[in-house]
Amino acid sequence: MQLTPEAKKVNNEKGILILAHKEADRGLLRRLLAERYTKPLSYDTVSKGVRELEGRKTDLVILVPGPDDDSWRRAIRRIREEYERETLLLAPDPGGMHKVALEAGAFAYFDPFSASPEGMACCLRHLARQRELQRQLEDDRRLFRWQEKSGRLGSWEIEKDGTTRWSEGLRRILGDDERLTDSFESMRTLVHPEDLEIFEQANKATFQQGWSLDFEYRVVLDNGEIRYLSLHRQVEFDSESGENRVLGMIRDVTPEREFENFLFRRDAILQIVASFASKVLRDPDWRSGLGEAMANLGKVSEVSRSFLFRRKESPASHNTVFSMIHEWTDGQVTPLLESPEFQDQPFSPTFDRWKTILGERKIVAGNVRDFQTGERIFFERLQTQSVILVPVFVGNTWWGFFGLTNSREEREWMPVEIESMTMLADILGAAILRDRMEDELKEANRSAEEARIAAQEANRTKSRFLANMSHEIRTPISGILGMAEMTITTGLTKEQREHMDMIREAARSLLSIVNDILDLSKVEAHKMELKPEDFDIRQLLETTTRHFAPAVEKKPIALNQAVAGDVPETLRGDKDRLGQILRNLIGNAVKFTERGHVDVSVEISERQEERVCLLFTVQDSGIGIPENKLATVFDSFTQVDSSSAKTHQGTGLGLTISREFVRMMGGDISVKSADGFGSVFSFTAWMDVPATTAPRCEPARAVLPAGLHLDILLAEDNPLNQKFLTHFLTMFGHRVTVAGNGLEAIRLLEETGRKTDLVLMDIQMPEMGGIDATRCIREGRAKGVDPSIPIIALTAYAMKGDKERMFEAGMDDYVSKPVEMKELSAAIARTVAAHTPNEPRSKPAMPSRPAARKETVSLDMDSLISRFEGNTELLKEILELFLEEADAKLDKLDNALRTEDMTELGEAVHSITNIASHVLAMEIVHRARALEKQCYSEPLEEIRPEVEALRPQFLALVREVREKSKTL
């Protein structure tokens, strides 16, 4: 009989061992086993032969016991349990022996007298197949265990009867000490308290609603270690039984999260170093930012104490001593800064070894238990477990050392902490060296430095004086012009009218001078800025030259203008400043030319993709400029004829201002002239060329509806302005009530209730100015006053930022002083039209006040619904949970700002990051994460605006969540 391949494998590769009694029929065995027959080993009892398995590669043991040998039961159990081999019992069956053999663990039983070779062969094939499947199963198990271990994976399965099976990998991850039972509820005991809510929500989604989902949570091991787990749950429905089968696959993502935390800590530490370096660069006093840097470094490094020691020579003993000069603690250890034990101490001989190491520019770091005896005793007395010290060198001189200590636990100092402390020490050493060098330089050049500071202060004082005085002068000029205009409207004789015209022209000339002074002060104070807009260059030149027509008609001169054909019709730039430059140059040319011509031309000097550089030339046939005056013609208060008998008046500021404006436009200005032969002024200016030119149309002029009479409250402290404004407004049919300051204006508004139609508000007034009064009205602090009442500013201010402050305070429009009644009427018309329902809003000459921006945040409901696989009921519960937590997070944020606790502030921002991520508000998540890092590296005053900006954005998210949850 031929052996099957499986039988040969059992017989040849692993072998068959026959244990038989001494009287066994070998012929019968040979017949039944055929080619599989091997020589039996004979024993009185078959159990004695079990030890033959030692060292043998045997898969099957055939037991042939004698009639009186009942040891075969014990032999079967030993072979299976001790050697993990299969057993075949070959013995006559006196009745029930077959059942007993199988219960004892035998693979098969045969009666030798009824068995056949074919049956034996079939049994061996079954055995071979079973052993192969067992080997495959064991291989799969080994692979599974390896995958779980190397991939930090674990799994669990809930059977139909509710019993939970936990994998070996899961128990390894959780460090399970038998807390996991066959109930899934036992997992809850390991979940981090802060994650229990989301864990319960996930359980509800899985076990009650049959959801498969992914989420992440933390567990706390017996030793207090926190691990991060990423879980995938799969729910499989058995159509036959109608029951769900729940599977879970867990991955230990702790290394990834710890690495993220490491990166976070590294970035935070590097930001601390960068912030300290920035402060050192900005502030000559290296001490100013040191305490903050040490505190932030201690918090981010999660240590108990950070400190700085300075090394110096003791005058008494002429020995080197050390003194602690800065210290930060976490509040859990006793401060040492005031202790005499840490002031002017030599620390010898206990720390002589450390002094040598630090003096060689090396660091000292380690755990206290590893230190030498004296060192260890010193720090154990302070309950310190880990220490790191970094030397500070100023040049080549050892100045002192930084240190961090931890009292809570031993720790290994990260390379980034060592590198960061080394960088801090280097930066501090460089700052101290710079400080010393600056002191030496200051001492050597004190007189020159004092002169330089005095000159700078004089220049700043001059600029402030000019700006303030220009404002103070413009206000009475406004009154003079207004009173002149008012008087002209009364019945005057011809001579009186001429006198009033002279007063008005003199006031306007004075105003022009004040404006020149104000422009110069703004330029020197760096508060002048260009305001680009689209304009027609040819129309600007036409309007500018037309202004000089009356002066030209009085002289035998011709005023000519020309614009090259390739100059674009529409340009983008500051047309007002460009017009001011042209008026200065053309005005000088007309003023100094008695006969002949003044020619103005514009051409392209250079062209780039989206902008052009224009060359403007103003040429005249006037008196010219002496050669010795050309170098100073653009200087402030400089005139060609500065004698007391000069013919032409002026301040000498026009060309200075023009030069500054040209430079702001990216160009340059020059002059060519000879005494008696005229002058040529040329300047260049860069202008943008708009991509598309919209059709030009004149803006609609806002006018008051016929017969419209308003109740106007005039808040103005200057009696002249009160009088002439009241005169003209009354003449136009309005009813005017006057208030002398902001407080009086609010009081009158509260008394008249809603009877006042419009407020004209001066900016600078005693007791309360216009800005504060407007804010009071807009914020609803004025009782019974409509917060939206129209308010127009009356201002003599013209510095950078003044207009923005007016609009930010809530003003609708503004009119500059001196007040032109035509401009005031237009502003009133614009403002009234804007506040009148169902009427088109006229476009103001200046930008209207921007509306208070309301933070909006969009909630991606599609992504949220997709995330929860359409289960809107669960999504609604998640959103309601978010709303419940939001108030607590905001309270924590507000409390941290109030107490200025940066650690609590960082934690509050972190908690906002967490709950914002639950509703996929990623814009807030990214913003809060970046802000969280700043909480540990920057002072509160620098990040407070960002925190305060985050709050309305988060409130907007809360509003959006509340609204969206109502739709579910």
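Residues numbered from 1 in each chain as written. Predicted model: local features only at pLDDT ≥ 70, side-chain atom pairs only at ≥ 80, totals over all residues. Heavy atoms only, no water.

How we decide: UniProt positions are given in the numbering used here, feature names are shortened, and annotations may be inferred rather than shown by experiment.
The protein chain carries the name Sensory/regulatory protein RpfC in an unreviewed UniProt entry, which gives Pseudodesulfovibrio cashew as its organism. What UniProt records for the protein chain under Catalytic activity (unreviewed entry) is the sentence "ATP + protein L-histidine = ADP + protein N-phospho-L-histidine." UniProt, in its Subunit (unreviewed entry) section for the protein chain, records the words "At low DSF concentrations, interacts with RpfF."

Remarks on the sheet that holds strand β27 (residues 813-816)
This is how it is decided: Strand pairing is defined by DSSP finding a minimum of two bridges between the two strands. Secondary structure elements are defined from DSSP: runs of H or I of at least 4 residues count as helices, runs of E of at least 2 residues count as strands, and each element is numbered from the N terminus. The axes are straight lines fitted to the C-alpha atoms, using for helices just the contacting stretch, and the angles between their N-to-C directions are given from 0 to 180°. What makes two residues a contact is simply this: any of their non-hydrogen atoms within 4.5 Å.
Strand order in the open sheet formed by five strands is β24-β23-β25-β26-β27, and the pairing between neighbours is parallel. Of all strands in the sheet, those bounded by a partner on one side alone are β24 (735-739) and β27. Strand-to-strand, the axes of this sheet are offset by a mean angle of 20°, without reference to chain direction. Looking at chain direction, strand β25 (residues 758-762) and strand β26 (residues 791-795) are connected through four bridges and run parallel. Bridge pairing in β26 links Asp-762 to Leu-794. The strands touched by helix α20 (residues 742-752) within the sheet are β23 (711-715), β24 and β25, with β24 carrying the most contacts at an inclination of about 135°. Helix α21 (residues 770-778) contacts β25 and β26 of the sheet and is inclined by roughly 145° relative to β25.

Observations concerning the packing of aromatic side chains
Put simply, the rule reads: Centres within 6.5 Å make a pair out of two Phe, Tyr or Trp rings, where for Trp the six-membered ring is used; the pair is then stacked when the planes are under 30 degrees apart, edge-to-face when over 60, and tilted otherwise. Think of it as a cone above the ring: NZ of Lys or CZ of Arg counts as a charge over the ring if it is within 6 Å of the ring centre and within 35 degrees of the ring normal.
Within the structure shown, the criterion is met by 25 aromatic pairs. Over the aromatic face of Phe-199 sits the side chain of Arg-233, whose NZ or CZ is 5.7 Å from the ring centroid. Positioned above the aromatic ring of Phe-393 is the side chain of Arg-361, whose terminal nitrogen or guanidinium carbon lies 4.1 Å from the ring centre.

A word on the UniProt feature "modified residue: 4-aspartylphosphate" (unreviewed entry) in the protein chain
Mapped onto this numbering, the UniProt entry gives "modified residue: 4-aspartylphosphate" (unreviewed entry) at Asp-762. Secondary-structure assignment places Asp-762 in strand β25. With sequence-adjacent residues up to four places away left out, Asp-762 is seen in contact with Ala-715, Glu-716, Asp-717, Gly-770, Leu-794 and Lys-817.

Some details on the side chain of Arg-218
Examined against the element boundaries, Arg-218 turns out to sit in strand β8 (residues 213-220). Aside from chain neighbours lying at most four places away, what touches Arg-218 is Leu-190, Val-191, His-192, Glu-194, Asp-195, Ile-226, Arg-227 and Tyr-228.

Details of the packing of helix α26 (residues 902-918) against helix α27 (residues 922-935)
Threshold: Oblique is the label for any angle not covered by the other classes, which are roughly parallel (under 35 degrees), roughly antiparallel (over 145) and roughly perpendicular (65 to 115). Left-handed describes a crossing in which the near helix is turned anticlockwise from the far one by less than a right angle; the clockwise case is right-handed.
Interhelical geometry of α26 versus α27 gives an angle of 165° and a closest axis separation of 9 Å. Relative to α27, the element α26 lies roughly antiparallel. As for the relative orientation of α26 and α27, their crossing is left-handed in sense. On α27, the residues touching Met-902, Leu-905, Gly-906, Val-909, His-910, Ile-912, Thr-913, Ala-916 and Ser-917 of α26 are Ile-924, Val-925, Ala-928, Arg-929, Leu-931, Glu-932 and Cys-935.

Quick notes on the environment of Val-253
We count it as follows: For every residue, the accessible area (1.4 Å probe, protein chains only) is compared with the maximum for its type, and the residue is labelled buried under 20%, exposed over 50%, or partly exposed between those bounds.
Of note, Val-253 is situated in the loop between β10 (243-252) and α8 (254-282). Looking at Val-253, the relative accessible area reads 5%, which means it is buried. Considered as a pair, Val-253 and Glu-216 are 37 residues apart in the sequence and their alpha carbons are 9.2 Å apart. Discounting chain neighbours no more than four positions away, the residues touching Val-253 are Glu-216, Tyr-228, Leu-229 and Ser-230.

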